[in-house]
Amino acid sequence: MRIDVLTLFPEVFEVFLASSIVGRARAAGCVSTQLTNFRDFARDRHRSVDDRPFGGGPGMVLTCGPVFDALEHVEAQDSGPLTRVLLTPQGRKLTQAMVADLAREPRLVLICGHYEGFDERIRSGIDAREISIGDYVLSGGEPAAMVLIDAVVRLLPGALGDEASAANDSFSAGLLEYPQYTRPREFRGMTVPEVLLSGDHAKVALWRKEQALKRTLQRRPDLIHAGEA
Ligand code: 6GU
């Protein structure tokens, strides 16, 4: 997969893209990433990318020119199919099902909004999926783009060292994760459930399933019924 990110703040992605699962997936060739700054496509000598809103009011609005130019520039680098995603609080709320769909695409082009907003013609003039990551306000689409990248990349074949761990994960199985323990057996008086030390694999598997169900019922009963009409 190829992921292009269009942003006014490419530097905030650098450590993220080099670290952890995403960093390893890039090193392994599962995904390539490219950062593009809209500001490099500004048309005036001040390199401005925003302007005051028509009709008045506070704040500044991201202008069309640099966004369309940046998009056309990166899209021309590769003629294959691509999926555009506009990160905006007005978008559809991201779910694991949407993440799984995006993970099957050959190329994602992520567009991060910023400032108080962007010119409506960016939304209407670009054929993009509009995605939000939840009902709260971020100063820009960058953290949302990182959330989306992380969630997508870990589903790519070969991205996780242990192929089983993705399928076993909380939301993939539709349940929250069961509790995990590692050494020491006792820490500050807190012990490990006996069954995990028993060596009985069938018993361990059953216990984990029960724990996952119990946790999900207690904390996120909505997940048990997710997908039902
Ligand atoms: Cl994608 N952008 C911004 N600015 N705020 C958000 C968001 C996106 N998703 C949730 N809040």
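See the structure above.
Residues numbered from 1 in each chain as written. Predicted model: local features only at pLDDT ≥ 70, side-chain atom pairs only at ≥ 80, totals over all residues. Heavy atoms only, no water.

A. Representation of the packing of helix H4 (residues 96–103) against helix H6 (residues 142–153). Packing of H4 against H6 brings their axes to within 9 Å, and their N-to-C directions diverge by 70°. Here H4 lies roughly perpendicular to H6, going by the angle between them. The segment H4 lies against H6, with Val99, Leu102 and Ala103 engaging Leu148, Ala151 and Val152. Grouping the constituent residues of the contact of H4 with H6 by class yields 6 nonpolar, no polar and no charged. (Axes fitted to C-alpha atoms, helices over the stretch in contact; angles between N-to-C directions. Helix = DSSP H or I, 4+ residues; strand = E, 2+ residues; numbered from the N terminus. Parallel < 35°, antiparallel > 145°, perpendicular 65-115°, else oblique. Contact = heavy atoms within 4.5 Å. Nonpolar A, V, L, I, M, F, W, Y, C, P; charged D, E, K, R; others polar.)

B. Representation of the site of the ligand within the structure. In the vicinity of the ligand, the residues found are Leu87, Thr88, Pro89, Ile131, Ser132, Ile133, Gly134, Tyr136, Leu138, Gly140 and Ala144. A distance of 3.3 Å separates a nitrogen atom of the ligand from a polar atom in the side chain of Ser132. One of the backbone N or O atoms of Ile133 is found 3.0 Å from a nitrogen atom in the ligand. In the complex, 95% of the free accessible area of the ligand, which totals 290 Å², lies under the protein chains. Placement of the ligand is best described as lying within the largest pocket. Taken together, the elements giving at least two residues each to the shell around the ligand come down to strand S5 (83–93) and strand S7 (129–132). With 3 residues, the single largest contributor to the shell around the ligand is S5. (Near = heavy atom within 4 Å. Polar contact = N/O pair within 3.5 Å; in protein donor to acceptor, adjacent residues only side chain to side chain. Areas by Shrake-Rupley, 256 points an atom, 1.4 Å probe, with all protein chains shown as cover. 1 Å grid on protein atoms, 1.4 Å probe; cavity = no way out; pocket = protein on both sides within 12 Å on 5 of 7 lines; lining within 4 Å. Sits in = over half its atoms within 2 Å of the grid points.)

C. Up close: the side chain of Thr88. Secondary-structure assignment places Thr88 in strand S5. A relative accessible area of 6% means that Thr88 is categorised as buried. Dropping the residues within four chain positions of it, Thr88 is found in contact with Phe118, Arg123, Glu130, Ile131 and Ser132. (Buried < 20%, exposed > 50% of the residue type's maximum accessible area, 1.4 Å probe, protein only.)

D. Seen up close, unusual backbone geometry. A cis amide bond links Arg183 to the next residue, Pro184, at an omega of 5°. Along the polypeptide, Pro184 turns up in the loop between helix H7 (164–168) and strand S8 (186–187). Located in the positive-phi region is Arg47, a residue other than glycine, with phi close to 55°. If you trace the backbone, Arg47 turns up in the loop between strand S2 (32–37) and strand S3 (50–51). Overall, Arg47 belongs to the partly exposed group, its relative accessible area being 39%. With a phi close to 50°, Arg188 is a non-glycine residue in the positive phi region. Note on placement: Arg188 falls in the loop between S8 and strand S9 (190–191).

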